Amino acid sequence: MSAEHLVGLSTCPDADTANEIADTLVEENLAACVNIIPGLTSVYRWKGETCRDQEWLLVMKTTRGRWKKLEETVLRLHPDELPEVIALPISTGLNDYLAWVGYQTTAEG
């Protein structure tokens, strides 16, 4: 069952953006759950300069079948020119939880 489940990660520049994206993903059944983790410091290179920003991390639980639409939604709502939107496969997990993720990311969920 777990081969179809993903954990998506995206950073947001502020709490308002993080909340809007999280709410939209859950309301549109694109993610079963989105954790918002505040207080993240990101250090990265952008256009030849080293940047250090305070960000909010979204941890999004979804399925492969919903990933493309989730990605499109994050890109539509995110203010950054090139936002982080990545996914990691869930190799194993509690079967009941993974079944819930699958159900919540369907139209019926």
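Residues numbered from 1 in each chain as written. Predicted model: local features only at pLDDT ≥ 70, side-chain atom pairs only at ≥ 80, totals over all residues. Heavy atoms only, no water.

### Considerations on helix α2 (residues 64-77)
Taking 1.5 Å as the rise per residue, α2 with 14 residues should run 20 Å; its terminal C-alpha atoms sit 20 Å apart, in good agreement. Within α2, burial applies to W67, L70, T73, V74 and L77. Residues of α2 that are buried in the fold lie against β1 (5-12), α1 (15-27), β3 (49-63) and β4 (86-89). (Helix = DSSP H or I, 4+ residues; strand = E, 2+ residues; numbered from the N terminus. Expected span 1.5 Å × (residues − 1). Buried < 20%, exposed > 50% of the residue type's maximum accessible area, 1.4 Å probe, protein only. Contact = heavy atoms within 4.5 Å.)

### Regarding the side chain of T63
Topologically, T63 is positioned in strand β3. Leave out the neighbours within four places in its chain, and T63 touches E4, H5, L6, V101, G102 and T105.

### Brief notes about a nonpolar patch on the surface
Taken together, Y44, W46 and L82 make up a surface patch of nonpolar side chains, about 300 Å² in accessible area. On the secondary structure map, Y44 appears in strand β2 (residues 33-46). (Patch = residues over 30% accessible without salt bridge, like charges linked within 9 Å, V, L, I, M, F, W, Y side chains within 5 Å. Areas by Shrake-Rupley, 256 points an atom, 1.4 Å probe, with all protein chains shown as cover. Salt bridge = Lys/Arg side-chain N within 4 Å of Asp/Glu carboxyl O.)

### Details of the pattern of salt bridges
As enumerated under the stated definition, the model contains two salt bridges in all. Here K47 makes a salt bridge to E81, at a shortest N to O gap of 3.2 Å. With K47 in the loop between β2 and β3 and E81 in the loop between α2 and β4, this residue pair connects regions lying 34 residues apart in the sequence. In terms of burial, K47 and E81 fall into one category: exposed. E71 is the salt-bridge partner of K68, the closest N and O atoms lying 3.5 Å from each other. Within this pair, K68 and its partner E71 are both found in helix α2, separated by three residues, close to a single helical turn. The exposure class assigned to K68 is exposed, which follows from its relative accessible area of 52%. E71 gets classed as partly exposed once you look at its relative accessible area, which sits at 21%.

### Regarding the sheet that holds β1
Strands sit in the order β2-β3-β1-β4 across an open sheet of four strands; the sheet is antiparallel. Two strands bound the open sheet, and with one partner strand each, they are β2 and β4. Neighbour-to-neighbour, the strand axes of this sheet turn through a mean angle of 30°, independent of strand direction. Relative to β4, β1 is paired through four bridges, and the arrangement is antiparallel. Within β4, the position partnered with L6 by the bridge is P89. Of the strands in this sheet, β1, β3 and β4 are in contact with α2, which crosses β3 at around 140°. Contacting β1, β2 and β3, helix α3 (residues 95-104) crosses the sheet at an angle of about 95° to β3. (Pairing = 2+ DSSP bridges. Axes fitted to C-alpha atoms, helices over the stretch in contact; angles between N-to-C directions.)

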